[in-house]
Amino acid sequence: MNEFPATVSSNTPMYTSRRHRALWVVGVVFSAGLLAPVLFLGAARKGIVRHAVPAVYAAVIYPVALGRQWLPDPGDWISWTLAAVVLTAAAHAALLPVPREEAGT
């Protein structure tokens, strides 16, 4: 038995309210991006983003975060890379579809 529908409308909203959106974006940012792949997996299951999106964020965020502990960091390149990915994930999260009422249409 498949619990997910075969087709999901691309108009499916990601957030139910502005508060929900704010909590989602704050979760991505304040977890240093570590929650981004998990949160985007939920969006992928709803059919809002492609299934590759959480995999790409996981492939970038987790090795960079682990590299902070094991690799030398001359010039703070690891911190800058992690910051760039976290900001990209937060912007991506903020741009996901919202209900029509919130969009003003």
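The structure under discussion appears in the preceding block.
About the thresholds
Residues numbered from 1 in each chain as written. Predicted model: local features only at pLDDT ≥ 70, side-chain atom pairs only at ≥ 80, totals over all residues. Heavy atoms only, no water. Core = buried A, V, L, I, M, F, W, Y, C linked by side-chain atoms within 4.5 Å. Buried < 20%, exposed > 50% of the residue type's maximum accessible area, 1.4 Å probe, protein only. Helix = DSSP H or I, 4+ residues; strand = E, 2+ residues; numbered from the N terminus. Contact = heavy atoms within 4.5 Å. Arc of directions from axis to C-beta.

Here we come to the nonpolar core. In terms of nonpolar packing, the biggest core is built from 23 residues, with Met14, Trp24, Phe40, Val49, Tyr57 and Leu96 touching the most fellow members. Breaking this core down by element, the ones donating at least two residues are helix 1 (18–30), helix 2 (36–45), helix 3 (52–70) and helix 4 (77–94). Broken down by element, this core gets its largest block of residues, seven residues, from helix 4. Beyond its immediate chain neighbours, meaning those up to four positions away, Phe40 contacts Trp24, Val49, Val53, Pro54, Tyr57, Ala89, His92, Ala93 and Leu96.

The next subject is helix 2. Every α-helix carries 3.6 residues per turn, so stepping three or four residues along brings you back to the same face. Taken together, the buried positions of helix 2 are occupied by Ala36, Pro37, Phe40, Ala43 and Ala44. Buried residues of helix 2, seen end-on, are gathered within an arc of 115° and therefore sit on one face of the element. Immediately downstream of helix 2, the backbone of Gly47 shows phi near 85°, a positive value.

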